[in-house]
Amino acid sequence: DEISPSAVGGGGGGGSGGAARSLDLSTLAVITDGFSAGSIENAIKKTLTAQRRATLDVRPLESDEFITPLALEASGHQLAHANDTQRFREFTFKMCGVDDRRKQIASLMKGVDSGASRSRA
């Protein structure tokens, strides 16, 4: 189910261009800076449903209609990024033996702390 450029008032013939009058592409370009092409495509597909495309002549497309789908795309990627970061950290600690070294240091520090408290008593 392709979305033609004329559906959003873009180039090509046939479209009334009514959507282009209220669609601020400059603002959308700034808002989507840093989004992947796939995320932008998903947001467009969520916004321009068949039902919404059928009403474009009556109610022109506006930039703010893309905000919620873009926010959902961003939040989904942040959650995935956070999970990936945690898994990478756990992998790195395991491969480098960081957890083992931390345990060794903690046990050494216990010995130092208990020895220091004995000498003060």
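Numbering of residues starts from 1 in every chain and runs along the sequence as written. The predicted origin of the model limits local features to residues at a pLDDT of at least 70 and limits the giving and counting of side-chain atom pairs to 80 or more, whereas totals for whole chains, interfaces and linings rest on all residues. Just so you know, side-chain values use all the structure's heavy atoms and leave hydrogens and water out.

**Student:** Help me out: how do you make sense of the pattern of salt bridges in this one?
**Tutor:** Where charged atoms from two side chains of opposite charge approach closely, those side chains can pair. Salt bridge, as used here: a side-chain nitrogen of Lys or Arg that lies within 4 Å of a carboxyl oxygen of Asp or Glu. Enumeration according to the criterion identifies three salt bridges in this entry. A salt bridge links Lys45 to Glu41; the nearest nitrogen and oxygen atoms lie 3.2 Å apart. A residue pair is termed a helical-turn pair when its members lie 3 or 4 positions apart in one helix, as Lys45 and Glu41 do in helix α3 (residues 37-47) at four residues. Its relative accessible area of 46% is what places Lys45 among the partly exposed residues. Residue Lys46 is joined to Glu73 by a salt bridge in which the shortest nitrogen-to-oxygen separation is 3.2 Å. One end of the pair, Lys46, is in helix α3; the other, Glu73, is in helix α5 (residues 67-96), with 27 residues separating them in the sequence. Taking the relative accessible area as the measure of exposure, Lys46 reaches 46% and is therefore partly exposed. Relative accessibility decides the category of a residue: with a 1.4 Å probe and only protein chains considered, values under 20% of the type maximum give buried, values over 50% give exposed, and everything between is partly exposed. In this structure Glu73 comes out as buried when scored by relative accessible area, which is 9%. In this text, helices come from DSSP runs of H or I with a minimum length of four residues, and strands from runs of E with a minimum of two, each type numbered from the N-terminal end.

Read these as geometric descriptors, not functional statements.
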